[in-house]
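Now for the letters of each chain:
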Amino acid sequence: MSLDRGKWATGGPETVAPGVHRIPLPLPNDGLRAINVYALEESDGLVLIDAGWSIRESLTVLEASLIELGHRPDDITDVYVTHIHRDHYTQAIELRRRFGTRVHLGVGERPGLELLTTLRTDVPVTSLEVLRRGGAADLAERMAEGYGEFDPAGWEPPDRWLDAGTLPLRHPLRVIPTPGHTRGHVVYLDAARGLLFSGDHVLPHITPSIGFELGQPGLPLGDYLDSLELMTTFPDTRLLPAHGPVAASTHSRTGELLAHHDKRLAETEDALGSGARTGHAVAGVLPWTRRAVAFDGLDGFNRMLAVNETVAHLDVLVARGRATVSEVDGVARYSAGSGLQSCRSLS
Ligand SMILES: [Zn+2]
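Residues numbered from 1 in each chain as written. Predicted model: local features only at pLDDT ≥ 70, side-chain atom pairs only at ≥ 80, totals over all residues.

**Brief notes about the overall build of the protein**
This is how it is decided: Counting from the N terminus, the helices are the DSSP runs of H or I reaching at least four residues and the strands are the DSSP runs of E reaching at least two. We take the radius of gyration over the C-alpha atoms and set the globule estimate at 2.2 Å times the residue count to the 0.38 power. Buried means a residue has 20 or more other C-beta atoms within 10 Å of its own C-beta, exposed means 12 or fewer, and partly exposed covers the counts in between; C-beta atoms are placed from the backbone.
In terms of helices and strands, the protein carries eleven helices and 14 strands. For the protein, the C-alpha radius of gyration of 21 Å lies close to 20 Å, the compact-globule estimate for 347 residues. The principal-axis extents of the C-alpha atoms in the protein amount to approximately 75 × 45 × 40 Å. Burial analysis of the protein (347 residues in total) assigns 42% to the buried set.

**A closer look at the sheet that holds strand 3 (residues 34-42)**
The line we're drawing: Pairing between strands is defined by DSSP: at least two bridges between the two strands are required. Axis lines are fitted through C-alpha atoms, for helices just across the contact stretch, and the angle between N-to-C directions can take any value from 0 to 180 degrees.
Taken in spatial order, the seven strands line up as 1-2-3-4-5-6-7 in an open sheet, and their pairing is mixed. The open sheet terminates on both sides in strands that have one partner only, identified here as strand 1 (14-17) and strand 7 (160-162). Between one strand and the next, the sheet's axes are offset by a mean angle of 30 degrees, whatever the strand orientation. Taken together, the seven bridges between strand 2 (residues 20-26) and strand 3 define a ladder with antiparallel strand orientation. Directly across from Pro24, in strand 3, lies its bridge partner Asn36.

**Considerations on the domain arrangement of the protein**
Note the threshold: For each domain, the first and last residues come from an automatic or database assignment. Contact between residues is assigned whenever the C-beta positions, reconstructed from backbone atoms, fall within 7 Å.
For the protein, the assigned domains read domain 1 (3-120 + 152-258) and domain 2 (263-346). Using C-alpha coordinates to define each centre, domain 1 is positioned 31 Å away from domain 2. Across the boundary between the two partners, domain 1 contributes eight residues, which contact eight residues of domain 2.

**Quick look at the pairing of strand 1**
Here strand 1 runs beside strand 2; their pairing, made up of three bridges, is antiparallel. Across the sheet, residue Thr15 finds its bridge partner in strand 2, namely His21. Counted between consecutive antiparallel strands, the loop separating strand 1 from strand 2 contains two residues, among which Gly19 sits at a positive phi close to 75 degrees.

**Describing the pairing of strand 5 (residues 76-80)**
So the rule is basically this: Crossovers are described as right-handed under a simple rule: with the strands pointing away from the observer, the path leading from the first strand over the helix to the second runs clockwise.
Of all five residues that make up strand 5, four are buried, and the element is covered over most of its length. With four bridges joining them, strand 4 (residues 45-49) and strand 5 adopt parallel strand pairing. Its bridge partner being in strand 5, Ile49 is matched across the sheet by Tyr80. The handedness of the strand 4 to strand 5 crossover, carried by helix 2 (residues 56-68), is right-handed. Looking at chain direction, strand 5 and strand 6 (residues 102-106) are connected through three bridges and run parallel. Residue pairing in the sheet places Tyr80 in a bridge with His104 of strand 6. Tracing the backbone out of strand 5, into helix 3 (residues 86-99) and back to the parallel element strand 6 gives a crossover that is right-handed.

**Focus on the environment of His71**
Its location among the elements puts His71 in the loop between helix 2 and strand 5. For His71 and Leu286, which are 215 residues apart along the polypeptide, the C-alpha to C-alpha distance reads 48 Å. Apart from the residues within four sequence positions on either side, His71 is in contact with Leu46 and Leu66.

**Here we look at the sheet that holds strand 10 (residues 186-190)**
Each strand in a sheet pairs with its neighbour through backbone hydrogen bonds, running either in the same direction (parallel) or in the opposite one (antiparallel). Taken together, the five strands give an open sheet; going across it, the order is 8-9-10-11-12, and neighbouring strands pair in mixed fashion. A single partner strand is all that each edge strand has here, and the edge strands are strand 8 (165-167) and strand 12 (238-241). If you compare each strand with its neighbour and ignore which way they point, the axes differ by 30 degrees on average.

**A word on the packing of helix 7 (residues 220-231) against helix 8 (residues 250-273)**
In helix packing, the relevant descriptors are the interaxial angle and the interaxial distance, both defined with respect to the helix axes. Condition: Angular relationships are summarised with four words: roughly parallel below 35 degrees, roughly antiparallel beyond 145, roughly perpendicular across 65 to 115, and oblique for the angles in between. Working rule for handedness: look at the near helix, and if it is turned counterclockwise from the far one by less than a right angle, call the crossing left-handed; if clockwise, right-handed. Under the grouping applied here, Gly and all other residues not named as nonpolar or charged are polar, the nonpolar ones being Ala, Val, Leu, Ile, Met, Phe, Trp, Tyr, Cys and Pro and the charged ones Asp, Glu, Lys and Arg.
Relative to each other, helix 7 and helix 8 sit at 150 degrees, their axes nearing to 9 Å. Comparing the axis directions of helix 7 and helix 8 gives the class roughly antiparallel. By crossing handedness, the relation of helix 7 to helix 8 is classed as left-handed. Contact with helix 7, carried on its side by Leu225, Leu228 and Met231, involves Thr250, Thr254, Leu257, Leu258 and His261 of helix 8 and no other residues of that element. For the contact of helix 7 with helix 8, the residue count by class is five nonpolar, three polar and no charged.

As structure tokens, then:
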């Protein structure tokens, strides 16, 4: 990876359109390097898209960046968050506590947030269930350990749950639900100026994880692919992502992501053809990350995401009639083919 590739994370605030500023904020782990929040100048203050991960360094950088832009944190009237993940949401609650900022979040995140505040744990219990179903019970046991005491501070509910609609800002923003990365993920579209605040739905350099959240797993990759297709139904825009630099075309990146998942579905199907039967086994023979790392070369957290993502691909193959599944002792076992063929060959 060239140095240039990470410059977006460390270069300070960047004005991407008149009155629209990209502010990269630090994260406590460097896997994603940073998160972009976007500050929009309104007549009565500032609106933020996403808020960052609530850690002291993040708030310090946010304050310094706003001052550099001629503003202050208490100018922020509202934060519109793209999804419930910690690096996007928790600092919004901190801003509300300090400055009375109003917090808005897609209504599809409500069950996940309610489950989190009921279970009161940082353990990603749904992802661990998917791991067990994927035949990786040992990994699930290991991943359940090592979590400290749950801190509810960042997980208070928003002031308002957002439905699809239009926010009456100086430059109106359309709220578009894009389930997949999480089930309540939304993007914000400024159609007049050709800007898409894409959160983690469309990222310029990486493919977002799928369904890392609490609640019924459903068919998150199927939802995600539908939400990608949805992007192509709007006129093309610049892409203002939560991780990575601003890019020229949402459509071209959406096309690359759809192509990536087509290829991934084909590789997953091939792995079934060569005898792998479970999510864990299939994940073990697929290459991971842009650098094609072997599964065994990933750390535990990324192995968990990898098995979850593989199960998501396998479930889409089943939904599309390209594979079949049966459960044995709580583990899903997949086979290539439609099942119809095996019925036919039996008859
Ligand atoms: Zn996320």
